[in-house]
Amino acid sequence: MKLRPVSTVEALADALRTRVLSGDLAPGTSLPEQEISDTYGVARPTVREALAALVHEGLLRRERNRSAYVPEITTSDLADLMYVRGPLEELMAEALYGHRIPEAEAALTRMEALPPDEPWAEVVAEHMAFHQALIVAVGSPRLERLYAALAAETRLGLVRLRAVYRERAELIAEHRDLLAAIERGPAEAARRAVREHLEWRS
């Protein structure tokens, strides 16, 4: 199996993405092109492309006459995000209760296997993979599209969980409980588990 070559732009975007999703770059942090160019030893056009990729993903924002910066997701934003996610994930629970979802189980297994010193961004990635696997298992392209529209804010919101879950085992256990409730059913118990899971812990 051949490995896909990674361009300098992709490598820089990946490095910056990891820093954003690990919380190393705090909300509001500006990313001036020249500063990044000097730090990583790459040309400014490379920096510009990498930043544009992250702006497109929703992990950075850029305004006229201002450097790209890490957006802040406030407690109010998170509450609203959970308010919108709730009905979508309850639809998922209604469709999947009583069934095993191996892809979601695999995401939790991968999260559990991450080394203790792994960047939080990797925990965020597997956390997202868990919820995405549940949504995809429903088999509704429209549900997937609606859920995908919330992905960037969800990922940025998950950065804050680093302070909420001091032990990764607690995060994993909570998601295993959610998955067990969905797989066990019945429908109302699965929906209730989703509602409880999405109650934001400030």
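Scroll up a little and you will see the structure.
In this report, the structure presented in the accompanying data block is examined. Residue positions are given per chain, counting from 1 as you read along its sequence in written order. Residues qualify for local features only when their pLDDT is at least 70, as the model is predicted, and side-chain atom pairs are given and counted only at 80 or more; totals for whole chains, interfaces and linings, by contrast, use all residues. Hydrogen atoms and water are omitted, and side-chain values are computed over all heavy atoms in the structure.

Our next topic: the overall build of the protein chain. To qualify as a helix, a DSSP run of H or I must reach at least 4 residues; to qualify as a strand, a run of E must reach at least 2; elements of each kind are numbered from the N terminus. Assigned secondary structure in the protein chain consists of 11 helices and two strands. Seen in sequence order, the protein chain has helices and strands lined up from the N terminus as α-β-α-α-β-α-α-α-α-α-α-α-α. The globule rule is 2.2 Å times the number of residues to the power 0.38, and the radius of gyration it is compared with is taken over C-alpha atoms. Taken against the 2.2 N^0.38 rule, which gives 17 Å for 202 residues, the C-alpha radius of gyration of the protein chain at 18 Å falls within 12% of a compact globule. In terms of its C-alpha atoms, the protein chain occupies a principal-axis envelope of roughly 55 × 45 × 35 Å. Every one of the 202 residues in the protein chain was classed for burial, and the buried ones make up 42%. Whether two residues touch is decided by their heavy atoms; if any such pair falls within 4.5 Å, the residues are in contact. Taking the intrachain contacts of the protein chain between residues at least 6 apart in sequence as the baseline, contacts between residues at least 24 apart amount to 73%. Entry remark: accessible area of the protein chain is about 11200 Å², with carbon and sulfur atoms responsible for 52%. Only protein chains enter the calculation, and the probe is 1.4 Å; a residue is then buried if its accessible area is under 20% of its type maximum, exposed if over 50%, and partly exposed in between. Each accessible area is a Shrake-Rupley estimate made with a 1.4 Å probe; only the visible protein chains count as cover when residues are assessed.

Okay, the layout of surface pockets next. To find leftover empty space, a probe the size of one water molecule is rolled over the atoms. Two kinds of site are reported from a 1 Å grid over the protein atoms alone, namely cavities, where a 1.4 Å probe fits but cannot get out, and pockets, open sets with protein on both sides within 12 Å along at least five of seven lines, and residues are called lining when an atom falls within 4 Å of a point. Grid points are joined across faces, edges and corners, and a volume is the space filled by probe spheres set on the points. The calculated volume of the largest pocket comes to roughly 330 Å³. What lines the largest pocket is a set of 23 residues, among which Tyr165, Glu174, His197, Leu198 and Glu199 lie closest to the centre. Looking at the lining of the largest pocket, the elements with two or more residues in it are helix H4 (75-96), helix H6 (120-138), helix H8 (151-159), helix H10 (168-184) and helix H11 (187-197). Looking at the lining of the largest pocket element by element, the count peaks at five residues for H10.

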